[in-house]
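Fold and geometry: a report
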Amino acid sequence: MASIFLKKPPVQAVRDDLRLGDFLDLPPEIRSPGRSLLVFVRHTGCPFAERDIKRVSGWAAENSEVHVVVVTHGDEALRDAWLADIGGVEGLTFYHDPDRHLYGQAGLGFSTASHFMGLPSLLGVMRLWREGIRNRSASGTRWQRAGVLLLEDGKLIWMHIPESAEGFRLP
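This write-up is about the structure you can find in this document. (Residues numbered from 1 in each chain as written. Predicted model: local features only at pLDDT ≥ 70, side-chain atom pairs only at ≥ 80, totals over all residues. Heavy atoms only, no water.)

Structural notes on a nonpolar patch on the surface
Our working definition: Without a salt bridge and with relative accessible area above 30%, a residue can belong to a patch; like charges are then joined within 9 Å and nonpolar side chains (Val, Leu, Ile, Met, Phe, Trp, Tyr) within 5 Å. Note that accessible areas follow from Shrake-Rupley with a 1.4 Å probe, and for residues the cover is restricted to the protein chains shown. For this analysis, a salt bridge means a side-chain nitrogen from Lys or Arg found within 4 Å of a carboxyl oxygen belonging to Asp or Glu. Strands here mean DSSP runs of E at least two residues long; helices mean DSSP runs of H or I at least four residues long; both are numbered from the N terminus.
Together, Leu119, Leu123 and Met126 give the surface a local cluster of nonpolar side chains, amounting to about 290 Å² of exposed area. Position of Met126 among the secondary structure elements: in helix α5 (residues 119–130).

A word on helix α1 (residues 47–62)
The condition that has to hold: What a helix is expected to span follows from its residue count: subtract one and scale by 1.5 Å. The cut-offs for exposure are 20% and 50% of the maximum accessible area for each residue type, with area from a 1.4 Å probe on protein chains only; residues under the lower value are buried, those over the upper are exposed, and the others partly exposed. Here, residues are in contact when the closest pair of their heavy atoms is within 4.5 Å.
Taking 1.5 Å of rise per residue, the 16 residues of α1 would be expected to cover 22 Å, and the 23 Å separating its terminal C-alpha atoms lies within 8% of that figure. Here α1 has its buried residues at Pro47, Phe48, Ala49, Glu50, Arg51, Asp52, Ile53, Val56, Ser57, Trp59 and Ala60. Against the buried residues of α1 lie β1 (35–40), β2 (43–44), β3 (67–72), α2 (76–86), β4 (93–96) and α5.

Here's the deal with unusual backbone geometry
Of note, the phi angle at Arg100 is positive, near 60 degrees, even though the residue is not glycine. Its relative accessible area of 4% is what places Arg100 among the buried residues. One non-glycine residue, Asp153, lies in positive phi territory at about 50 degrees. Relative to the elements of secondary structure, Asp153 occurs in the loop between β6 (147–152) and β7 (155–160).

A word on the sheet that holds β1
So the rule is basically this: Strands are treated as partners if at least two bridges between them are detected by DSSP. Helix axes are fitted to C-alpha atoms over the stretch in contact, other axes to C-alpha atoms as well, and angles between N-to-C directions run from 0 to 180 degrees.
Across the sheet, 5 strands lie side by side as β4-β3-β1-β6-β7; this open sheet has mixed pairing. The open sheet has two free edges, formed respectively by β4 and β7, since each of these has just one partner strand. Direction aside, the axes of adjacent strands within the sheet are offset by 25 degrees on average. In this sheet, β7 lies alongside β6 in antiparallel orientation, the contact comprising 5 bridges. Residue pairing in the sheet places Leu149 in a bridge with Met159 of β7. Seen against the sheet, α2 touches β3 and β4 and runs at an angle of roughly 155 degrees to β4.

Topic: the nonpolar core
Stated precisely, the cut-off is as follows: Side-chain atoms within 4.5 Å link the members of a nonpolar core, which is a set of buried Ala, Val, Leu, Ile, Met, Phe, Trp, Tyr and Cys residues.
Residues Leu37, Leu38, Phe40, Ile53, Val68, Leu92 and Leu149 are the most contacted members of the largest nonpolar core, which totals 42 residues. Only β1, α1, β3, α2, α3 (101–105), β6 and β7 provide two or more residues apiece to this core. A per-element tally of this core places α1 first, with 6 residues. With residues near it in sequence (within four places) discarded, Ile53 still touches Val41, Val70, Trp82, Leu83, Ile86, Val89, Leu92 and Phe94.

Description of the environment of Trp158
Among the structural elements, Trp158 can be located in strand β7. Considering only alpha carbons, one finds Trp158 and Gly21, 137 residues apart in sequence, at a separation of 8.9 Å. Leaving out residues up to four positions away in the same chain, Trp158 has contacts with Leu20, Val148, Leu149, Leu150, Arg169, Leu170 and Pro171.

Here we look at the packing of α1 against α2
Applied cut-off: Here is the rule for angles: anything less than 35 degrees is roughly parallel, anything more than 145 is roughly antiparallel, 65 through 115 is roughly perpendicular, and the remaining ranges are oblique. By convention the crossing between two helices is left-handed if the near helix lies anticlockwise of the far one by an angle smaller than a right angle, and right-handed if it lies clockwise.
One can describe the packing of α1 onto α2 by two numbers: an axis separation of 11 Å at closest approach and a directional angle of 60 degrees. Taken together, the axis directions place α1 and α2 in an arrangement best described as oblique. Here the hand of the crossing between α1 and α2 comes out right-handed. The segment α1 lies against α2, with Ala49, Glu50, Ile53 and Lys54 engaging Trp82, Leu83 and Ile86.

As for α2
Worth spelling out the cut-off: Each C-beta atom gives one direction from the helix axis, and the arc is the one those directions make. By the criterion applied in these results, polar contacts are pairs of N or O atoms within 3.5 Å in which, for protein atoms, one can donate a hydrogen and the other can accept it, and in which residues neighboring in sequence qualify only through two side-chain atoms.
Looking at α2, one finds that the buried residues are Arg79, Trp82, Leu83 and Ile86. Looking straight down α2, one finds its buried side chains confined to an arc of 100 degrees; they lie on one side. Residues of α2 that are exposed and angled more than 90 degrees away from the buried face: Ala77 and Ala84. Residues of α2 that are buried make contact with β2, α1, β3 and β4. Among the residues of α2, the N-terminal cap falls to Asp75, whose side-chain oxygen and the backbone nitrogen of Ala77 are separated by 3.1 Å.

What follows is the structure, given as structure tokens:
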């Protein structure tokens, strides 16, 4: 399993030409007609991932016509314990992508060290800590990039790939 610390895990194949209008070949268990929002988190236990999941949960409640899928890659049992700990995940589907194939198909490879150790991210962690959000049950790799993709019948219609862990956005 990928290390949560500073050592990078093996690189997955990463698509570098993803554009609006492209189709993603989603696994059958998360493929659905209509709109789907795919939310790729960096790693479970990450304060930013917790914040993002809480935001997505609220967004999903207001956009019930959209199938919302949160993609994770760390240990599945640790992820499930973490989700039970943070709560508020009703209405979300979780997809386990341990080899990060779907991440790669979405163009999400490794970040730079400044993405998670840079000043904006470190200040963001301190801000989240004051809100009661902190590192817990971490699993996966800190090097994995996060992102959000909105699909219509499998076709990419909107995407956001943040430059830092602070930069999460929803459509």
